[in-house]
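Notes for the structure review
Letter by letter, the chains look like this.
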Amino acid sequence: MRTHHAAALLATAVALALTACSPAEITTKPDTKATPSTGGATSAAPTPPAQAATVGDTVTLKGNEDGEQLAVTIRKWADPAQSDDEFMKPDDGKRWVAAQFELVNTGTAVYSDSPSNGTQVADDQGQQFQSTFAETTAGPAMTSAAKVAPGAKVLGWITYEVPKDSKIAKVQFTMNSGFASQTGEWTIK
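So, here is what we can say about the structure in this document. (Residues numbered from 1 in each chain as written. Predicted model: local features only at pLDDT ≥ 70, side-chain atom pairs only at ≥ 80, totals over all residues. Heavy atoms only, no water.)

1. Quick notes on the overall build of the chain
- Looking only at helices and strands, the chain has one helix and 11 strands in total.
- In the chain, the succession of helices and strands from N to C terminus is α-β-β-β-β-β-β-β-β-β-β-β.
- Going through the 189 residues of the chain one by one, you find that 38% of them count as buried.
- The long-range share in the chain, meaning contacts at least 24 apart out of those at least 6 apart in sequence, stands at 70%. (Helix = DSSP H or I, 4+ residues; strand = E, 2+ residues; numbered from the N terminus. Buried < 20%, exposed > 50% of the residue type's maximum accessible area, 1.4 Å probe, protein only. Contact = heavy atoms within 4.5 Å.)

Written out as structure tokens, the structure is:
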């Protein structure tokens with residue numbers, strides 16, 4: 001019995017070590033958008049340089065487990081985001097900002113996670129801020145217990161509390177409650 005328990009602990013430790021040691025990757029390049037057909041004609045024009053993803057762009061990310069993959073889009077951005085409850089407000093000297101995320105399961109495994117755990121915003125000074133539990137007038141909040149079958153999607157707003165004078169420059173999303181090695185990043189303009 002002790003040998004079985006020790007083997008299970010060793011296997012768990014190795015899995016955690018491999019996850020922690022996997023190289024982190026921040027993806028800022030949006031997925032390519034389909035372009036209308038030119039009727040078979042080819043163009044000699046050079047391909048423009050890749051832009052950083054912005055609101056409206058989709059970034060495809062992989063999770064830690066086989067078959068985990070999401071096409072993540074920030075559909076809308078609210079700054080400031082207003083409370084939909086007269087009793088809930090940002091702390092003094094703070095404001096709320098919010099991003100509407102659309103997560104489409106493009107993998108072969110069920111996506112099961114709390115999406116807000118794997119997201120944060122950063123201001124132009126490099127300060128990073130985690131999500132907060134807040135309902136805003138921007139729209140319905142993202143579920144805290146997403147279970148999304150392959151081909152299905154989930155849509156919702158994630159709110160962040162930031163200093164009033166911060167200029168938010170980036171939004172990041174990482175699968176597996178922030179522990180996957182791929183992170184998508186969108187520039188806020």
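Here the narrative resumes, following the displayed structure.
2. Side note on the nonpolar core
- Among the nonpolar cores identified, the biggest contains 27 residues, and Val72, Phe101, Leu103, Tyr111, Tyr160 and Phe173 are the most heavily contacted of them.
- Secondary-structure elements contributing two or more residues to this core are strand 2 (58-62), strand 3 (69-78), strand 4 (94-105), strand 8 (146-148), strand 9 (153-163) and strand 10 (168-174).
- When sequence neighbours within four positions are dropped, the list of residues in contact with Phe101 reads Val72, Thr73, Ile74, Thr119, Met142, Val154, Leu155, Gly156, Ile158, Tyr160, Val171 and Phe173.
- Within the second largest apolar cluster, six residues are counted, among which are Ala81, Trp96, Ala98 and Ala134. (Core = buried A, V, L, I, M, F, W, Y, C linked by side-chain atoms within 4.5 Å.)

3. Quick notes on the environment of Asp84
- Following the sequence through the fold, Asp84 ends up in the loop between strand 3 and strand 4.
- Every residue in contact with Asp84, bar those within four places of it in the chain, is listed here: Glu135, Thr136 and Thr137.

4. Focus on unusual backbone geometry
- Geometrically, the link from Asp79 to Pro80 is a cis peptide bond, its omega value of 0° lying close to zero.
- Mapped onto the secondary structure, Pro80 falls in the loop between strand 3 and strand 4.
- Even without glycine at this site, Asn176 takes up a positive phi of about 55°.
- In this fold, Asn176 is placed in the loop between strand 10 and strand 11 (182-187).

5. Looking at the environment of Leu103
- Note that Leu103 resides in strand 4.
- It is 5.4 Å that separates the C-alpha atoms of Leu103 and Lys153, two residues lying 50 residues apart in sequence.
- With sequence-adjacent residues up to four places away left out, Leu103 is seen in contact with Leu70, Ala71, Val72, Tyr111, Pro115, Met142, Ala152, Lys153, Val154 and Phe173.

6. Points about the pairing of strand 11
- The buried fraction of strand 11 amounts to five of the six residues, a majority that puts the element mostly inside the structure.
- Bridge count for strand 1 (residues 25-27) against strand 11 is three bridges, and the pairing is parallel. Paired with Ile26 across the two strands is Thr183, which belongs to strand 11.
- Sheet analysis places strand 10 next to strand 11, joined by five bridges and oriented antiparallel. Within strand 11, the position partnered with Val171 by the bridge is Trp186. (Pairing = 2+ DSSP bridges.)

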